[in-house]
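# A closer look at the structure
Spelled out from the first residue to the last, the chains are:
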Amino acid sequence: MQQSYSNHLLSHSNLSLNESLDETDQPQKEISTPRLSVEKSKKLVTPLNDGINNNIDVFQNNMLRNVAFLKVELRQIKNNQVSILEQLESIQSHLQVNNKSYYIENNLSNDDFHDCTLPLDNEVDLGVLEDKLSGDHQFKSRLVNELSLIGGKHVKGMVKRLMTKLFTDDLLSNYSFTGKKGKKPFSSLTICSILFDAIKKQLKFKNISQHEIEDTIKYVLAQAPFNLKRKLNKVPSSV
């Protein structure tokens with residue numbers, strides 16, 4: 001009888017203990033559930049952040065390419081504007097010709113150079129041109145007008161174009177600006193003053209200094225022998 005009672009108490013104690021354990025386990029399950037949710041959220045957020053960063057990188061690269069493209073386009077537009085401005089300035093200079101008769105009277109034709117063909121390549125033709133410039137003021141004025149229409153983006157470019165139109169390197173190699181190193185003085189020629197007048201006639205160069213024009217003429221004269229030498233080296237020797 002006593003043994004049965006003891007067993008009953010033991011069974012009741014085990015049941016109470018199990019119930020206590022069950023009650024203790026229940027909150028633990030509730031606590032673990034949100035912890036798992038946070039971990040899953042982190043796993044979901046990480047690829048989302050990676051996707052956002054990739055999109056930002058793609059956007060930045062696209063923007064950099066667009067900016068580079070716009071810079072190229074703006075540079076091209078600027079060059080086109082400069083070219084248009086040069087043409088307008090030449091047209092403006094040319095508008096002083098009001099009618100056809102004035103144009104014929106004040107501009108040159110091929111007949112004006114029948115006895116001294118341009119570009120000049122020898123001293124004889126240069127002497128003929130010098131005589132015409134000294135004795136015919138109308139011819140001199142027409143030549144200034146003609147040369148002033150050549151133009152250029154800057155004064156150095158215009159000087160080089162004028163010198164190329166008027167002279168060959170063969171002839172220029174015999175000259176320096178003031179006649180140094182045993183060469184002839186280019187500055188003493190009438191055609192030299194024509195160059196200055198033609199350049200100054202361009203509106204954008206009317207305030208340019210004589211010194212800047214002179215320096216470019218000196219450079220062209222100094223380069224003439226080297227240009228001539230390079231041309232001769234390109235000519236194949238005859239067998």
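Residues numbered from 1 in each chain as written. Predicted model: local features only at pLDDT ≥ 70, side-chain atom pairs only at ≥ 80, totals over all residues. Heavy atoms only, no water.

### Here we look at the confidence of the model for the chain
Segments scoring low in pLDDT should not have their predicted coordinates read at a detailed level. The cut-off we apply is this: Note on scores: pLDDT gives the predictor's confidence for each residue, bounded by 0 and 100. The helix and strand labels rest on DSSP assignments: H or I over at least four residues marks a helix, E over at least two residues marks a strand, and numbering proceeds from the N terminus. Whether two residues touch is decided by their heavy atoms; if any such pair falls within 4.5 Å, the residues are in contact.
Put simply, the chain has an average pLDDT of 79, and 69% of its residues get 70 or more. At the level of individual helices and strands, the chain shows its lowest average pLDDT in helix α2 (residues 100-106), which scores 49, and its highest in strand β1 (residues 175-176), which scores 98. Of the regions scoring below 50 in pLDDT, residues 28-32 engages in zero contacts with residues more than four places distant in sequence or in other chains. Note that pLDDT drops below 50 for residues 97-104; the model gives that stretch five contacts with residues more than four away or on any other chain.

### Digging into the environment of D215
Structurally, D215 is set in helix α8 (residues 210-234). Along the backbone, D215 and F177 are 38 residues apart, and their C-alpha atoms lie at a distance of 9.2 Å.

### A few points about the packing of helix α5 (residues 155-166) against helix α7 (residues 190-201)
Put simply, the test is: A fitted line through C-alpha atoms serves as each axis, taken over the contacting stretch for helices, and the angle formed by two N-to-C directions is quoted from 0 to 180°. What sets the label is the angle itself: under 35 degrees gives roughly parallel, over 145 gives roughly antiparallel, 65 to 115 gives roughly perpendicular, and the rest give oblique. Take the far helix as the reference: if the near one is turned anticlockwise from it by less than a right angle, the crossing is left-handed, and if turned clockwise, right-handed. Amino acids are sorted into nonpolar (Ala, Val, Leu, Ile, Met, Phe, Trp, Tyr, Cys and Pro), charged (Asp, Glu, Lys and Arg) and polar (every other residue, Gly among them).
Running from N to C, α5 and α7 cross one another at 140°; their axes reach a closest spacing of 11 Å. Accordingly, the angle class assigned to the pair α5 and α7 is oblique. Relative to α7, the crossing made by α5 is right-handed. Contacts between α5 and α7 involve V155, M158, V159, L162, M163 and L166 on the former and, on the latter, I191, L195, A198 and I199. Its residues assigned to classes, the contact of α5 with α7 shows ten nonpolar, no polar and no charged.

### Points about the environment of E123
Filter applied, for reference: In the analysis that follows, any N or O atom pair within 3.5 Å is treated as a polar contact, provided that within protein one partner can donate a hydrogen and the other can accept it, and provided that, for residues neighboring in sequence, both atoms belong to side chains.
Looking at the element boundaries, E123 is found in helix α3 (residues 123-135). A sequence separation of 48 residues divides E123 from L171, and the C-alpha atoms of the two residues are 7.3 Å apart. Non-local contacts of E123, meaning those with residues more than four positions away in its chain, are made with L171, N174, Y175 and K184. Only 2.8 Å separates the side chain of E123 from the side chain of Y175, close enough to count as a polar contact.

### Structural notes on the pattern of salt bridges
Two side chains with opposite charge may pair up if their charged atoms get near one another. Definition in use: By convention in these notes, a salt bridge is any Lys or Arg side-chain nitrogen within 4 Å of a carboxyl oxygen on Asp or Glu. For every residue, the accessible area (1.4 Å probe, protein chains only) is compared with the maximum for its type, and the residue is labelled buried under 20%, exposed over 50%, or partly exposed between those bounds.
The tally for this structure, following the rule as stated, stands at four salt bridges. Between K132 and D115 there is a salt bridge, with the nearest N and O atoms lying 3.6 Å from each other. Placement of K132 in helix α3 and of D115 in the loop between α2 and α3 is noted, with a sequence separation of 17 residues between them. Taking relative accessible area as the criterion, K132 reaches 19% and is therefore assigned buried.

### Quick look at the environment of G157
Considering the arrangement of structural elements, one finds G157 in helix α5. When the C-alpha positions of G157 and T216 are compared, they lie 9.0 Å apart, and in sequence the two are 59 residues distant.

### Remarks on the packing of aromatic side chains
What counts here: Two aromatic rings from Phe, Tyr or Trp, using only the six-membered ring of Trp, form a pair when their centres are within 6.5 Å; if the ring planes differ by under 30 degrees the pair is stacked, by over 60 it is edge-to-face, and anything between is tilted. A positively charged side chain is recorded as over a ring if its NZ (Lys) or CZ (Arg) lies within 6 Å of the ring centre. The angle to the ring normal must also be within 35 degrees.
Scanning the entire structure with this criterion turns up two aromatic pairs. Ring centres 5.6 Å apart and planes at 80° place the aromatic pair F167 and F186 in the edge-to-face group. With a gap of 19 residues between them, F167 in the loop between α5 and α6 (169-172) and F186 in the loop between β2 (184-185) and α7 connect regions that are remote in the sequence. As far as the burial class goes, F167 and F186 line up, both buried. When the ring of Y175 is compared with that of F186, the centres are 6.3 Å apart and the planes differ by 85°; the resulting orientation is edge-to-face. Within this pair, whereas Y175 is found in strand β1, its partner F186 is found in the loop between β2 and α7, the two being separated by eleven residues in sequence. Neither residue differs from the other here; Y175 and F186 are each classed as buried. Among the aromatic residues, ring-to-ring pairing joins F167, Y175 and F186 into one connected group. Of note, K132 hangs over the ring of F139, and the distance from its end group to the ring centre comes to 4.6 Å.

### Some remarks on the nonpolar core
Stated precisely, the cut-off is as follows: Nine residue types can take part in a nonpolar core, namely buried Ala, Val, Leu, Ile, Met, Phe, Trp, Tyr and Cys, and a core is a set of them joined through side-chain atoms within 4.5 Å.
Counting 37 residues, the largest nonpolar core has M163, F167, F186, I191, I199 and I217 as the members making the most contacts within it. Here this core takes seven residues from α7, the largest share from any one element.

### Overview of the side chain of D125
Applicable threshold: His is not counted, nor are the chain ends, whereas Lys and Arg count as positive and Asp and Glu as negative.
If you trace the backbone, D125 turns up in helix α3. The buried charged residue D125 lacks any salt bridge partner; its closest oppositely charged side chain belongs to K132, at an N-O distance of 10 Å. D125 has contacts with D115, C116, T117 and L120, leaving out every residue within four places of it along the chain.

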